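Structural characterization, general
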Amino acid sequence: MGENSTPDPETQPESTGRPLAERVATRLFYPTSRPREKSLREAVDGQVVLVTGASHGIGKAAAKKIAAAGATVLLVARTLDDLERVAAQIRADGGTAHVYQADLTEMDATAELGAALLAEHGHVDVVINNAGKSIRRPVDESYDRFHDFTRTIDINYLGPVRLLLALLPSMRERRHGHIVNISTWGLRMPPAPRWSAYGASKAAFDVWLRTVATEIAADNVTTTSIYMPLVHTRMSAPTDFTGVPGLTAEEAADLVCHAVVSRPREISPWWTGPVQAWTDLRRGAAQRLMERGFRR
Ligand SMILES: NC(=O)c1ccc[n+]([C@@H]2O[C@H](COP(=O)([O-])OP(=O)(O)OC[C@H]3O[C@@H](n4cnc5c(N)ncnc54)[C@H](OP(=O)(O)O)[C@@H]3O)[C@@H](O)[C@H]2O)c1
């Protein structure tokens with residue numbers, strides 16, 4: 001094991017250290033699927049896999065697993081040192097990683113990034129759209145913070161659209177490609193108080209991708225939307241989720257690997273289907289429930 005392969009506190013394999021009841025609830029409510037090593041290798045060996053937001057959390061854990069299975073991973077985020085650290089860990093374990101420092105809220109730079117990826121690697125086989133930003137804030141605290149809405153829409157919607165507009169022509173022309181979107185379980189529930197900026201921006205990209213999916217399927221380019229539950233990462237840390245069941249970044253990355261191997265249209269906790277059906281049928285009741293929750 002190289003010096004860079006020491007255990008990474010951000011990507012611990014199991015939800016150890018958390019109470020048993022919480023771990024049991026996590027298994028029950030968010031059973032994860034981890035593909036067999038052989039299946040992952042068959043799916044990604046020799047492939048070019050782009051991971052946005054690869055410097056931390058889910059993106060970092062997914063990039064490491066996919067690189068370990070033989071893919072060339074292209075790592076994107078804003079913080080160069082953190083990206084270099086992830087790339088060094090991957091290389092120390094015998095993998096191949098290339099680092100691209102980019103701010104996906106800069107639209108021209110994002111278009112240039114897409115062109116550079118194609119120029120340097122010829123094509124991209126799999127895109128993991130993972131970079132994102134979450135804001136949990138009631139609207140009365142955002143009256144003077146219009147940027148809460150512009151920055152979430154830029155990173156969670158417009159940036160990924162800009163990047164895919166650059167990559168899609170090549171994927172469609174090659175009649176080969178898969179796009180995995182790290183969405184949120186919140187989109188399968190009634191709109192929850194305090195999440196207006198985040199929820200709207202994630203919903204925008206979710207609808208965009210599922211719409212585009214209906215057009216690109218004819219060219220053998222597929223998509224998976226992962227309605228990810230709570231994952232204990234840097235992003236969720238500022239909110240007090242003590243006692244709330246959640247996945248580790250490693251477990252979330254297993255779901256990403258499952259998406260890459262099996263290419264399902266969506267991955268979502270098993271109970272979100274009935275919840276969404278109830279929400280659609282009883283929109284008024286669902287909203288009243290949320291209103292009562294917020295007042296309490
Ligand atoms: N954690 C959860 O509970 C949860 C639940 C459902 C869905 N998700 C989704 O999962 C994804 C990953 O979240 P996470 O929890 O792993 O968060 P995280 O640990 O904070 O990682 C976010 C990643 O995105 C990158 N990033 C942020 N802004 C960027 C920008 N403008 N340009 C380029 N890269 C940028 C960050 O790197 P830099 O800061 O260096 O740029 C980092 O690598 C997000 O899309 C999030 O919405 C998370």
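Residues numbered from 1 in each chain as written. Predicted model: local features only at pLDDT ≥ 70, side-chain atom pairs only at ≥ 80, totals over all residues. Heavy atoms only, no water.

A closer look at the site of the ligand
- Not every one of the 30 residues close to the ligand is listed here, only the nearest: Ser55, Thr79, Asn130, Tyr198 and Thr233.
- Separating an oxygen atom of the ligand from a backbone N or O atom of asparagine 130 is a distance of 2.7 Å.
- Measuring from an oxygen atom of the ligand, one finds a side-chain N or O atom of arginine 234 at 3.2 Å.
- Bound to the protein, the ligand loses 95% of the 890 Å² it would expose on its own. (Near = heavy atom within 4 Å. Polar contact = N/O pair within 3.5 Å; in protein donor to acceptor, adjacent residues only side chain to side chain. Areas by Shrake-Rupley, 256 points an atom, 1.4 Å probe, with all protein chains shown as cover.)

With respect to the pattern of salt bridges
- Inspection of every chain in the model, using the stated rule, returns 15 salt bridges.
- A salt bridge links lysine 65 to glutamate 250; the nearest nitrogen and oxygen atoms lie 3.2 Å apart. Highlighted residues: lysine 65 in helix H3 (residues 57-68) and glutamate 250 in helix H8 (residues 249-262), separated in sequence by 185 residues.
- For glutamate 250, a relative accessible area of 14% translates into the label buried.
- Here arginine 172 ties to aspartate 219 by a salt bridge, and the two come within 2.7 Å at their closest N and O atoms. With a gap of 47 residues between them, arginine 172 in helix H6 (residues 147-174) and aspartate 219 in the loop between helix H7 (196-216) and strand E6 (221-228) connect regions that are remote in the sequence.
- Among the residues examined, arginine 172 registers a relative accessible area of 30% and is labelled partly exposed.
- Because the salt bridges share partners, they merge into one network encompassing Arg34, Lys65, Glu250 and Asp254. (Salt bridge = Lys/Arg side-chain N within 4 Å of Asp/Glu carboxyl O. Helix = DSSP H or I, 4+ residues; strand = E, 2+ residues; numbered from the N terminus. Buried < 20%, exposed > 50% of the residue type's maximum accessible area, 1.4 Å probe, protein only.)

Quick look at the packing of aromatic side chains
- Per the counting criterion, the structure on display carries four aromatic pairs.
- Aromatic side chains tryptophan 185 and tryptophan 271 sit 5.9 Å apart centroid to centroid with 70° between the ring planes, which places their arrangement in the edge-to-face category. On the criterion of sequence distance, the pair formed by tryptophan 185 in the loop between strand E5 (177-184) and H7 and tryptophan 271 in the loop between strand E7 (266-267) and helix H9 (272-281) is long-range, its members being 86 residues apart.
- Classification of tryptophan 185 by relative accessible area gives partly exposed; the value is 23%.
- Geometrically, the ring pair formed by tryptophan 195 and tyrosine 198 is tilted, given 5.8 Å between the ring centres and 55° between the ring planes.
- These aromatic residues form a ring-pair network of at least three members: Tyr30, Trp185 and Trp271. (Phe/Tyr/Trp six-rings, centres within 6.5 Å; stacked < 30°, edge-to-face > 60°.)

Notes on the nonpolar core
- In terms of nonpolar packing, the biggest core is built from 41 residues, with Ile66, Val73, Leu75, Ile128 and Met228 touching the most fellow members.
- The element contributing the most residues to this core is H8, with eight residues.
- Leave out the neighbours within four places in its chain, and leucine 75 touches Val51, Ala54, Ala63, Leu83, Val86, Ala87, Ile90, Ala97, His98, Val99 and Tyr100.
- By size, the runner-up hydrophobic cluster in this structure holds 26 residues, among which are Val161, Leu163, Leu168 and Met171. (Core = buried A, V, L, I, M, F, W, Y, C linked by side-chain atoms within 4.5 Å. Contact = heavy atoms within 4.5 Å.)

A look at the environment of serine 170
- Residue position: serine 170 is located in helix H6.
- With relative accessibility at 13%, the residue serine 170 sits in the buried group.
- Separated by 39 residues in sequence, serine 170 and alanine 131 have C-alpha atoms that sit 22 Å apart.
- Setting aside residues up to four positions removed in sequence, serine 170 forms contacts with Leu118, Gly122 and His123.

Topic: the environment of proline 169
- Tracing the sequence through the fold places proline 169 in helix H6.
- Under the relative-accessibility criterion, proline 169 is labelled partly exposed at 48%.
- Distance in space between the C-alpha atoms of proline 169 and proline 19 is 48 Å, their sequence separation being 150 residues.

Looking at the sheet that holds E5
- As summarised here, the arrangement of the seven strands in space is E3-E2-E1-E4-E5-E6-E7, forming an open sheet in which the pairing is parallel. Looking at the sheet topology across the chains shown, the edges are occupied by strand E3 (96-101) and E7.
- Where strand E1 (residues 48-52) and strand E4 (residues 126-129) come together, three bridges link them in parallel fashion. By the bridge assignment, valine 51 is partnered in E4 with isoleucine 128.
- Where H6 meets the sheet, its contacts fall on E1, E4, E5 and E6, and the angle it forms with E5 comes to roughly 155°.
- Contacts from H7 reach E4, E5 and E6 within the one sheet, and its direction differs from that of E5 by about 155°. (Pairing = 2+ DSSP bridges. Axes fitted to C-alpha atoms, helices over the stretch in contact; angles between N-to-C directions.)

Everything listed is a geometric property; what it means functionally is a separate question.
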